[in-house]
Amino acid sequence: MTPYTPPTQDQLLAINVCAGIEELAQSERFAAAEPDMVEAIVEGIGAFSAGEWAPLNRIGDTEGAKLENGVVRLPDGFTAAYDDYVAQGWNAISAPVAFGGQGLPSTLGCNVLENLGTANFAFNLLPMLSIGAIEALEDHGSDAQKAMYLPKLVSGEWSGTMNLTEPQAGSDVGALRSTAVPIEHGEHAGKYLINGQKIYITWGEHELAKNIIHLVLARTPGAPEGTRGISLFTVPKYLVNADGSLGPKNDLRCVSLEHKLGINASPTCIMSYGDNNDCVGELVGAENRGLAAMFTMMNSARINVGSQGVQIAERALQQAVYYAADRVQSARAGSPDRSAVSIIEHPDVRRMLMRMKSLTEGMRALLYYTSGQVDRGTLGDEPAARRAEVLVPMIKAWGTDTGVDVASIGVQVHGGMGFVEETGAAQHYRDARIAPIYEGTNGIQAADLVTRKLGFENGAVFASLMADIARDSADEPALSALASDCAAIGVWMLGEASLDDRLAGSVPFCEMCAVAVAGWQMLRQKRAVEAGASPSLAQVKPATARFFLDHIVPQASGLKASATAGASGLYELTAAQLAG
Ligand SMILES: Cc1cc2nc3c(=O)[nH]c(=O)nc-3n(C[C@H](O)[C@H](O)[C@H](O)COP(=O)(O)OP(=O)(O)OC[C@H]3O[C@@H](n4cnc5c(N)ncnc54)[C@H](O)[C@@H]3O)c2cc1C
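A brief structural summary. The residue numbering used here restarts from 1 in each chain and proceeds along that chain's sequence as written. Per-residue local features of the predicted model are confined to residues with pLDDT of at least 70, and side-chain atom pairs are confined, for both listing and counting, to 80 or more; whole-chain, interface and lining totals are unaffected and use all residues. By convention in this description, side-chain values take in all heavy atoms of the structure and omit both hydrogens and water.

## What to know about the overall build of the protein chain
No. 1: Counting from the N terminus, the helices are the DSSP runs of H or I reaching at least four residues and the strands are the DSSP runs of E reaching at least two. Of regular secondary structure, the protein chain possesses 20 helices and twelve strands.
No. 2: Relative to the 2.2 N^0.38 estimate, which gives 25 Å for 580 residues, the radius of gyration of the protein chain is 24 Å and therefore close to what a compact globule would have.
No. 3: Projected onto its principal axes, the C-alpha coordinates of the protein chain cover approximately 85 × 60 × 55 Å.
No. 4: Relative accessibility thresholds used throughout: buried, under 20% of the residue-type maximum; exposed, over 50%; partly exposed, between the two (1.4 Å probe, protein chains only). The burial tally for the protein chain puts 57% of its 580 residues in the buried class.
No. 5: The contact definition used throughout considers only heavy atoms, calling two residues in contact when any of these lie within 4.5 Å. By sequence separation, contacts in the protein chain at least 24 residues apart represent 74% of the contacts at least 6 residues apart.
No. 6: Only the protein chains shown count as cover for residues, with accessible areas throughout obtained via the Shrake-Rupley method and a probe of 1.4 Å. For the protein chain, the accessible surface area stands at approximately 22500 Å², while carbon and sulfur atoms represent 53% of it.
No. 7: Here the positive residues are Lys and Arg and the negative ones are Asp and Glu; neither His nor the chain ends is included. Each charge is placed at NZ for Lys, CZ for Arg, CG for Asp and CD for Glu. Seen as two clouds, the 43 positive and the 65 negative side-chain charges of the protein chain have centres 4 Å apart. Note on method: radius of gyration uses C-alpha positions; expected globular size equals 2.2 Å times residues raised to 0.38.

Here it is in structure tokens:
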């Protein structure tokens, strides 16, 4: 596997142009995000990730996490690398100042995770989930809970998890059955006894952090059926004393680890709560309002999972370019010199590499545009907050599907060497495959776009996004046509299309919209570079943006017929005929 070279300049361009960090820094809240600080963070986390986390990516895959006598062990090096991450304060970048964080824009926190995850996809899930837990507690926890949990979650001394899934409750979270019964007497009076089994819990057990704060969804006695009867609880691995010191171990355990296609260094745990009916949890927020609280965590987690598409694509791209420059095979078509050349010279390999590069940069542009809208929402800009919500399914679904596509092209560039494990190209492809599944499958994301978010303010939030793109791309006919098509399909979906028609077209529609926004942001980057921003990208960005506009955008336009074909074709065959 090749080392990781942080794409610092492209990240900075996206942070400057797409997130608009200079404008954010004009607010009192984000005043510290001055250009020097931004550069120091992006360069610093890039160097840290490349130096300390990237070298563990391969061993994390080959050795993986192991459960030994109830304790999860990671390969050598992981503990020290996590300790250094905590000691250098990277976990605290965008966390609240009141609890030890630096209070910087989420855009910079996003960059920390982008670098960590490009270096080591599986390891990055540990801070990613902690950051989600911080946000959920910050928004919904009581003052006492914040004081107890946030300082150590912010520093990274403790980590967080997110416990929704049960065997019968996957996409249908409302089907969960874990229970929480109020404790009426004794030292834990006012708290709850938690009982149940959760599956697939990422970093549910490990010893890198001194405590693990599980955020668990469960039902209180008599709670309504479905999603309206779900409450959220903090369930610490070790109970926490009033003075903040660690008390006895709570009644919870990791039953086993899943054997997976990839992300082998990330322990995916089956967790059992309350084997001895003595698992203590504390309610977060109001009873039966747990899903809303968890959604805070899920929104940020969905953006960060979308970022995983960028991460794996960047790593696969670097690997593929290295291999293509090294591997010599065949003479260049049409050349009088018949000696064999590096495969990077062949047109089809160029096509693959340009596709990988322009898609990676396009995803990154969409990612930071989304994080910039989130930060504006934090500053009280309501239209930006609503726009961010509309963008979340796009970055999550298109970002992660495209991450898989780019990793797959990376395997293809390697030829047979991509299919064997030595080069590392196969690991990227295996690791990438989870991202379209967790944090709400991509099908669920697309459904969220067409059944909920498209309708915000009677369609005005979505329509204004597409209108901005169409207006800004008047001199780019393919892009403005794509934005106009997206707007028209949105009107059709909100008007005459049946629910089934909308759902049938949701995935191609989501992709069209994501490509439209990404293409727009690539165009803005291209213009900025042509006007003098990022001199080191003066040759590169116009070429990759052009490729995106000329190759990726028209392909997305080709999805229009599929997005509007309706649902009838889906049910032509019976279930039996599908199988036969
Ligand atoms: C490695 C890994 C880590 C994970 N980490 C966590 C974690 O930390 N915490 C946690 O709580 N969970 C976690 N999960 C669980 C993950 O979020 C779920 O696997 C995911 O939400 C899908 O649920 P499911 O597996 O039950 O699939 P199902 O819900 O059974 O879905 C199967 C297929 O049916 C489709 N489908 C289902 N319902 C509908 C519908 N109504 N409309 C259209 N299509 C539908 C889905 O899109 C999917 O393609 C993790 C999973 C894995 C594999």
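There's plenty left to go through after this.
## Concerning helix H9 (residues 290-326)
No. 1: Compared with an ideal rise of 1.5 Å per residue, which puts 37 residues at 54 Å, H9 spans 53 Å between its outermost C-alpha atoms and is within 8% of the ideal.
No. 2: The quantity called bend is, for any residue, the angle between two axes fitted respectively to the seven residues ending at it and the seven beginning at it. A maximum bend of about 30° is found in H9 at threonine 296.
No. 3: Burial analysis of H9 places 30 of its 37 residues in the buried class, the great majority of the element. Multiplying 1.5 Å by the residue count of a helix minus one yields the expected span of that helix.

## Here's the deal with the packing of helix H11 (residues 382-413) against helix H13 (residues 425-432)
No. 1: The contact between H11 and H13 brings their axes to 8 Å, and the two run at 160°. One finds that H11 runs roughly antiparallel with respect to H13. The chirality of how H11 crosses H13 is left-handed. Residues Gly403, Val404, Ala407, Ser408, Gly410 and Val411 of H11 form the contact with H13, whose participating residues are Ala425, Ala426, His428, Tyr429 and Ala432.
No. 2: Classification used: nonpolar for Ala, Val, Leu, Ile, Met, Phe, Trp, Tyr, Cys and Pro, charged for Asp, Glu, Lys and Arg, polar for all others including Gly. Counted by class, the contact of H11 with H13 contains seven nonpolar, four polar and no charged residues. Where helices are involved, their axes are fitted lines through C-alpha atoms of the stretch in contact, as for all axes, and angles between N-to-C directions lie from 0 to 180°. Every angle not falling under 35 degrees, over 145, or within 65 to 115 is termed oblique; those three ranges are roughly parallel, roughly antiparallel and roughly perpendicular. Left-handed is the label given to a crossing in which the near helix is rotated counterclockwise from the far helix by less than a right angle, and right-handed is the label when the rotation is clockwise.

## Topic: the nonpolar core
No. 1: Buried Ala, Val, Leu, Ile, Met, Phe, Trp, Tyr and Cys residues that are joined via side-chain atoms within 4.5 Å together make up what is termed a nonpolar core. In terms of nonpolar packing, the biggest core is built from 137 residues, with Phe123, Met394, Leu465, Met466, Phe509 and Val517 touching the most fellow members.
No. 2: Beyond its immediate stretch of four places on either side in the chain, phenylalanine 123 contacts Trp53, Leu56, Phe78, Ala81, Tyr82, Trp203 and Leu208.
No. 3: Among the nonpolar cores identified, the runner-up in size contains 29 residues, and Ala92, Ala95, Leu150 and Leu164 belong to it.

## Let's talk about the site of the ligand
No. 1: Proximity is defined per residue: if any heavy atom of the residue lies within 4 Å of a molecule or strand, that residue is considered near it. For the ligand, the set of nearby residues contains 18 residues, the closest of which are Thr165, Ser171, Tyr200, Thr202 and Thr441.
No. 2: Any N or O atom pair separated by 3.5 Å or less is treated as a polar contact, with the protein-specific requirement of one donor-capable and one acceptor-capable atom, and with residues adjacent in sequence counted only for side-chain atom pairs. In this structure, threonine 165 approaches the ligand through a side-chain N or O atom, which is 2.7 Å from a nitrogen atom.
No. 3: Between the ligand and the protein, one listed contact pairs a nitrogen atom with a backbone N or O atom of tyrosine 200 at 2.7 Å.
No. 4: Across the complex, the protein chains shield 60% of the 970 Å² of accessible surface that the ligand would expose by itself.
No. 5: Sorting the residues of the shell around the ligand by element identifies strand E3 (158-163) and strand E5 (192-202) as the ones contributing at least two each.
No. 6: For the shell around the ligand, the leading source of residues is E5, giving three residues.
No. 7: Looking at side-chain class alone, the shell around the ligand contains nine nonpolar, seven polar and two charged residues.

## Observations regarding unusual backbone geometry
No. 1: For asparagine 69, which is not glycine, the phi torsion reads 50° and is therefore positive.
No. 2: Positionally, asparagine 69 belongs in the loop between strand E1 (66-68) and strand E2 (71-73).
No. 3: Of note in the backbone geometry, serine 534 takes a positive phi value of approximately 45° without being a glycine.
No. 4: Among the structural elements, serine 534 can be located in the loop between helix H17 (499-530) and helix H18 (540-557).

## Some points on the side chain of glutamine 373
No. 1: Looking at where glutamine 373 falls in the secondary structure, it is placed in helix H10 (residues 347-378).
No. 2: Those residues in contact with glutamine 373 that sit more than four places away from it in its chain are Ala384, Ala385, Arg387, Ala388 and Leu391.

## Points about empty space enclosed by the protein
No. 1: Note on definitions: the grid is 1 Å and covers protein atoms alone; a cavity is a set of points where a 1.4 Å probe fits but cannot get out; a pocket is an open set with protein on both sides within 12 Å along at least five of seven lines; lining residues have an atom within 4 Å of a point. Grid points are joined across faces, edges and corners, and a volume is the space filled by probe spheres set on the points. Applying the stated rule across the entire model yields one cavity of 30 Å³ or more.
No. 2: In this model, the largest cavity occupies a volume close to 40 Å³.
No. 3: At the level of elements, helix H7 (121-140) and H9 are the ones that each hand at least two residues to the lining of the largest cavity.
No. 4: Here the lining of the largest cavity gets four residues from one element, more than from any other, and that element is H9.
No. 5: Looking at the lining of the largest cavity residue by residue, the class counts come to four nonpolar, three polar and one charged.

## Quick look at the pairing of strand E11 (residues 268-273)
No. 1: With six of six residues buried, E11 lies mostly within the body of the structure.
No. 2: Of the two faces of E11, both are covered, the one formed by Thr268, Ile270 and Ser272 as well as the one formed by Cys269, Met271 and Tyr273.
No. 3: Two strands make a pair as long as DSSP finds a minimum of two bridges between them. In terms of strand pairing, E5 meets E11 through five bridges, oriented antiparallel. Across the sheet, the residue bridging to glutamine 197 is serine 272, located in E11.

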